[in-house]
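Residue strings, one per chain:
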Number of protein chains: 2
Amino acid sequence: MPRVGLSTAQVVSTASALIDEVGVDKLTLARIAKHLNVQLPSLYKHISSLQDLHERLVVAAQHELLGTMKNAAVGRSGMQALLALAASAREWGVAHPGRYSITLAAAHTPGDGSEEMLEFTLRILESFNLTGDDAIDAARMLRATLHGFISLETRGGFGLPADVDRSFQRAMQGLGNQFSAWS
Amino acid sequence: MPRVGLSTAQVVSTASALIDEVGVDKLTLARIAKHLNVQLPSLYKHISSLQDLHERLVVAAQHELLGTMKNAAVGRSGMQALLALAASAREWGVAHPGRYSITLAAAHTPGDGSEEMLEFTLRILESFNLTGDDAIDAARMLRATLHGFISLETRGGFGLPADVDRSFQRAMQGLGNQFSAWS
DNA sequence: GCCCTAATGCTAATACTATTAGCTTTTAAT
DNA sequence: ATTAAAAGCTAATAGTATTAGCATTAGGGC
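Here we summarise the structure given alongside this text. (Residues numbered from 1 in each chain as written. Chains lettered and ligands numbered in written order. Predicted model: local features only at pLDDT ≥ 70, side-chain atom pairs only at ≥ 80, totals over all residues. Heavy atoms only, no water.)

## Some words on the environment of Lys 45 of chain A
All names here are of chain A. Inspection of the secondary structure puts Lys 45 in the loop between α2 (29-35) and α3 (50-73). Judged by its relative accessible area of 72%, Lys 45 is exposed. Here the alpha-carbon distance between Lys 45 and Leu 6, two residues 39 residues apart in the chain, equals 9.1 Å. (Helix = DSSP H or I, 4+ residues; strand = E, 2+ residues; numbered from the N terminus. Buried < 20%, exposed > 50% of the residue type's maximum accessible area, 1.4 Å probe, protein only.)

## Quick notes on the protein's contact with DNA strand C
Inspection of the region around DNA strand C gives 20 residues, with Gln 39, Ser 42 and Lys 45 of chain A together with Tyr 44 and Leu 50 of chain B positioned closest. Each atom of DNA strand C within 4 Å of the protein was assigned to sugar, phosphate or base; sugar and phosphate come to 56%. For DNA strand C, a phosphate oxygen lies 3.5 Å from a polar atom in the side chain of His 46 of chain A. Residue Tyr 44 of chain B places a side-chain N or O atom 2.7 Å away from a phosphate oxygen belonging to DNA strand C. Here the surface near DNA strand C is composed, by residue class, of 11 nonpolar, 6 polar and 3 charged. (Near = heavy atom within 4 Å. Polar contact = N/O pair within 3.5 Å; in protein donor to acceptor, adjacent residues only side chain to side chain. Nonpolar A, V, L, I, M, F, W, Y, C, P; charged D, E, K, R; others polar.)

## Notes on the packing of helix α3 (residues 50-73) of chain B against helix α6 (residues 114-126) of chain B
For any two helices packed against each other, the geometry comes down to the angle between their axes and how far apart the axes lie. All names here are of chain B. The contact between α3 and α6 brings their axes to 10 Å, and the two run at 15 degrees. Between α3 and α6, the angle is such that the two are roughly parallel. α6 is crossed by α3, and the crossing has left-handed handedness. In this structure, α3 uses Gln 62, His 63, Leu 65, Leu 66, Met 69, Lys 70 and Ala 73 to contact α6, whose residues at the interface are Ser 114, Glu 116, Met 117, Phe 120 and Ile 124. (Axes fitted to C-alpha atoms, helices over the stretch in contact; angles between N-to-C directions. Parallel < 35°, antiparallel > 145°, perpendicular 65-115°, else oblique. Left-handed = near helix turned anticlockwise from the far one by under 90°. Contact = heavy atoms within 4.5 Å.)

## As for the protein's contact with DNA strand D
Around DNA strand D, the structure places 20 residues, and the nearest of them are Tyr 44 of chain A together with Arg 3, Gln 39, Ser 42 and Lys 45 of chain B. Residue composition of the surface near DNA strand D, by class: 11 nonpolar, 6 polar and 3 charged.

## Some thoughts on the interface of chain A and chain B
Opposite the 38 residues of chain A that make contact, chain B presents 38 residues. Three residues, Arg 140, Arg 155 and Arg 170 of chain A, lead the burial of chain A against chain B; their summed loss comes to 23% of the area buried on that side. Along the contact surface separating chain A from chain B lie 8 salt bridges. For the salt bridge of Asp 137 of chain B with Arg 166 of chain A, the shortest nitrogen-to-oxygen distance reads 2.8 Å. Only α7 (132-154) and α8 (164-180) of chain A provide two or more residues apiece to the side of chain A that touches chain B. (Buried area = accessible area lost by both parts, 1.4 Å probe. Salt bridge = Lys/Arg side-chain N within 4 Å of Asp/Glu carboxyl O.)

## Side note on the relation of the copies chain A and chain B
Structural alignment of chain A on chain B gives an RMSD of 0.0 Å, achieved by rotating through 180 degrees and translating 0.0 Å along the axis. A rotation of that kind, with that shift, is consistent with a two-fold axis. A shared interface surface links the copies, since 100% of the contact residues of chain A are contact residues in chain B too. (Least-squares fit on C-alpha atoms with pLDDT ≥ 70 in both.)

## Description of the packing of α3 of chain B against helix α4 (residues 78-95) of chain B
Residue and element names in this part refer to chain B. Two elements in contact, α3 and α4, have axes whose closest approach is 8 Å; the angle formed by their N-to-C orientations is 145 degrees. Along this stretch, α3 crosses α4, giving a crossing that reads as right-handed. Along the contact surface, α3 presents Ala 61, Glu 64, Leu 65, Thr 68, Met 69, Ala 72 and Ala 73, while α4 presents Ala 84, Leu 85, Ser 88, Ala 89 and Trp 92. When its residues are assigned to classes, the contact of α3 with α4 shows 9 nonpolar, 2 polar and 1 charged.

Structure (structure tokens):
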């Protein structure tokens, strides 16, 4: 039996691809194993349990999303940064609905990207001259609006197909205007 | 064996309670059956499958949430209606995290509450003098912000406990202000 | 080049899950 | 009272995650 040379990273990677295809609730070890041409129990040499795999998926997805947003925001500030980061997050979420759906992990697992996300968001808001409690309020509103929009879109919550792009653009523009005038 | 007098409504009801306690992913037919003092296969006399039960749970949760919001908005308009509906939705979501988490169903199942939700939202926005495409954009932004906020809160997305009430109030107030000045 | 060790992938077994079939008993309507 | 439908049961099946134990392979030190 020729050894295939598996690794934890490979298992996480194919699992990530699978949840985008079949949905996170239909991710099964058998499916992953078949994709990797391996027997199911062999996966346990690289992950300790399904929950372990889930946690790894969450952390990976969070960092992918965060990296995408940071990339989009580099070299920009204020409204330009906000619009760029928002568009990139939405684009990534739509392209990877399964991965996106797990970016809000319940428990703070080790390696969690939520603190980094908060720092990043606050940094962006600094360019709106927002600090302290004002910045926290703004960060929460930004994250809520962005996450809510992407969630609704990827889960088919927008019944009418009426120009979702325009609705998104308008929402983010409005958000930025508010931040600019945040007394 | 004394018959216990089960019904579909009872099964859905206890399942609803259970997903708030243990989480929707840990809802199991065995758990429901034990709660109802019944053997597991007996449930199939009232539901046709686990997926069937899930669809019923979604519809029930959607209507509970919608009813709560409508109740809060009755007799109010404009900003007052918005703040009341938003607060009631958040309160219900925090009190019923499992139920809330399924209110965004992927497929439009029969009896779905999403159309009714859209009509309700548009009615509220009429009192902001918003109609047509403007109203659709506003409805999407309202739903996104509200859903995003409740999702983040119920899933522990707000690391800092710094006065979430105030952040919410401020977000909703800002939303209403935008709707009032929506050119 | 060889040997030992650790890691890799396997088969087999276990305890859970949902689901179906078939039976018995109860309920309710005629 | 009789009958027919429905309710709940036990038993069986296929699929799930997980563990134990075995064989083989790969790599490092001599």
